Amino acid sequence: MGKFQSVNELVQVLRPVNPVYCIRPESLKLSCNFFVNNFPGKSLYAVKTNPNETVIKNIYQNGISNFDVASLEEIKLLRKIAPDAKLYFMHTVKNRNSIEEAYFKYQIKDFAFDTKDELNKILDSTKNAKDLTLYLRIFASNEHAEIDLSKKFGASISEAVNLIKVAKLHAKKIGISFHVGSQCMHPISYSKGIKEIGNLILKSGIEPDIINVGGGFPSRYPDLYPQPLENYITEISEAIEKLSLKNKPELICEPGRAIVAESGSTIVRVELRKKQKLYINDGTYGSLFDAGTLNFIFPTRVIENGKNLSRRLTPFSFCGPTCDSMDFMKGPYILPNNLNEGDYIEIGQLGSYGLTFRTKFNGFYSDDIHEVEDKPIMSMYQQDEELKSNYLVA
Ligand SMILES: *Cc1c(COP(=O)(O)O)cnc(C)c1O
């Protein structure tokens with residue numbers, strides 16, 4: 001991994017043939033600082049969002065020492081990079097072997113569940129351990145999220161009443177969690193989730209030791225401009241106050257996207273142009289999965305290479321390198337009209353769920369990752385004024 005002052009410099013030096021991925025440590029510092037200083041509780045970074053070692057090291061060094069993991073591989077990775085970090089096994093469907101190893105080999109005590117069967121699995125696999133913190137994940141509406149997670153996870157309140165009573169008999173501590181879906185565009189989803197927790201407390205007569213409001217905190221994209229994150233935090237704090245609990249619960253959250261999105265970008269090269277379609281060297285089966293399958297629009301800019309870039313802008317679509325027709329990213333990506341073979345484009349906001357999704361389909365795969373020091377194309381942690389000059393052309 002190299003270090004460059006800017007994406008511009010990187011391209012000038014490397015003239016990369018394959019896609020290159022950039023990490024901006026300064027962006028990670030800003031996002032981690034935001035959560036550490038503003039969230040009224042513990043912030044767990046959701047490892048799946050970007051499991052790159054450099055990214056995780058930076059997050060850890062910036063004061064986030066709690067991590068949400070979903071598999072043994074993620075646990076092993078974290079124990080290697082940050083042995084002192086506290087890990088929470090928050091997947092609600094785990095195999096017995098993973099639970100057993102997590103507990104006995106990696107000293108993990110925090111586990112999530114949303115069914116009786118999973119609860120039994122956790123109790124069996126830890127040999128009825130007495131030091132567990134068990135998180136009951138309840139269903140939460142994902143109506144304001146760009147990515148819905150509610151079809152797979154979460155107990156209904158009527159199921160949850162019984163589940164929490166059983167869990168209470170076995171756990172050292174009880175948590176209740178939910179997830180409002182990823183890229184949640186309205187803070188009200190969090191207060192609704194917390195209200196549901198209030199409902200469950202009322203019906204079960206059990207107050208949790210911990211309330212976990214999950215992930216879903218949004219980032220900024222050209223066509224998705226959420227309210228400031230401060231509003232999300234105020235909404236959460238006020239909703240917790242309204243529960244008027246006898247004992248103040250510990251509060252935790254599990255941000256993924258909001259921590260890493262703006263810290264990463266992909267640099268691609270145009271291999272061919274067909275009218276308004278640019279054939280580039282990364283795509284749906286690489287870091288641009290969300291662009292291809294969810295039609296997410298990412299911010300783009302051309303890397304200056306000496307040629308006069310047209311002031312006329314054109315909406316382009318991207319075609320990825322594989323032979324599959326799903327390897328197509330509709331966009332529109334607004335770029336100078338005279339782009340052509342050999343031009344390099346930086347695609348921003350790919351620090352979340354970018355590196356994660358790469359495959360080797362058709363033999364196209366790149367693991368060329370470097371650090372850069374310049375500012376990201378878009379940011380919600382830095383003033384727009386500083387960034388304006390960055391947009392479209394580097
Ligand atoms: C994916 C995930 C997160 C992170 O979600 P973001 O929307 O990226 O913030 C947090 N918690 C759990 C349980 C998850 O599965």
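Structural data are supplied above this passage.
On a predicted model such as this, the values are computed, not experimentally measured, just so you know.

1. As for the nonpolar core
- Phe 35, Tyr 45, Ile 59, Phe 111, Leu 134, Val 213 and Phe 217 are the most contacted members of the largest nonpolar core, which totals 80 residues.
- Broken down by element, this core gets its largest block of residues, seven residues, from helix 7 (residues 157–170).
- Counting contributing residues, this core receives three or more from each of domain 1 (3–22 + 262–393) and domain 2 (25–260).
- Sequence-distant contacts of Phe 217, that is, excluding residues within four places in its chain, are made with Phe 35, Tyr 190, Leu 229, Tyr 232, Ile 236, Cys 253, Pro 255, Arg 257 and Ala 258.

2. Considering the sheet that holds strand 4 (residues 66–69)
- Overall, parallel pairing links the eight strands, which are arranged 3-4-5-6-7-9-11-12 in a closed barrel. Strand-to-strand twist of the sheet, defined as the mean angle between neighbouring strand axes without regard to direction, takes the value 25°.
- Of the pairings in the sheet, the one linking strand 9 (residues 173–177) to strand 11 (residues 210–212) comprises three bridges and is parallel in character. The residue bridging Gly 175 from the neighbouring strand is Ile 210, located in strand 11.

3. With respect to the pattern of salt bridges
- Across all of its chains, the model carries 18 salt bridges by this definition.
- In this structure, Glu 143 engages Lys 192 in a salt bridge whose closest nitrogen and oxygen atoms are separated by 2.6 Å. You can see Glu 143 sitting in the loop between strand 7 (133–137) and strand 8 (145–147) and its partner Lys 192 sitting in helix 8 (residues 188–204), a full 49 residues away along the chain.
- The class for Lys 192 is partly exposed, based on a relative accessible area of 37%.

Rules used in this analysis
- Residues numbered from 1 in each chain as written.
- Predicted model: local features only at pLDDT ≥ 70, side-chain atom pairs only at ≥ 80, totals over all residues.
- Heavy atoms only, no water.
- Core = buried A, V, L, I, M, F, W, Y, C linked by side-chain atoms within 4.5 Å.
- Buried < 20%, exposed > 50% of the residue type's maximum accessible area, 1.4 Å probe, protein only.
- Helix = DSSP H or I, 4+ residues; strand = E, 2+ residues; numbered from the N terminus.
- Domains from an automatic or database assignment.
- Contact = heavy atoms within 4.5 Å.
- Pairing = 2+ DSSP bridges.
- Axes fitted to C-alpha atoms, helices over the stretch in contact; angles between N-to-C directions.
- Salt bridge = Lys/Arg side-chain N within 4 Å of Asp/Glu carboxyl O.

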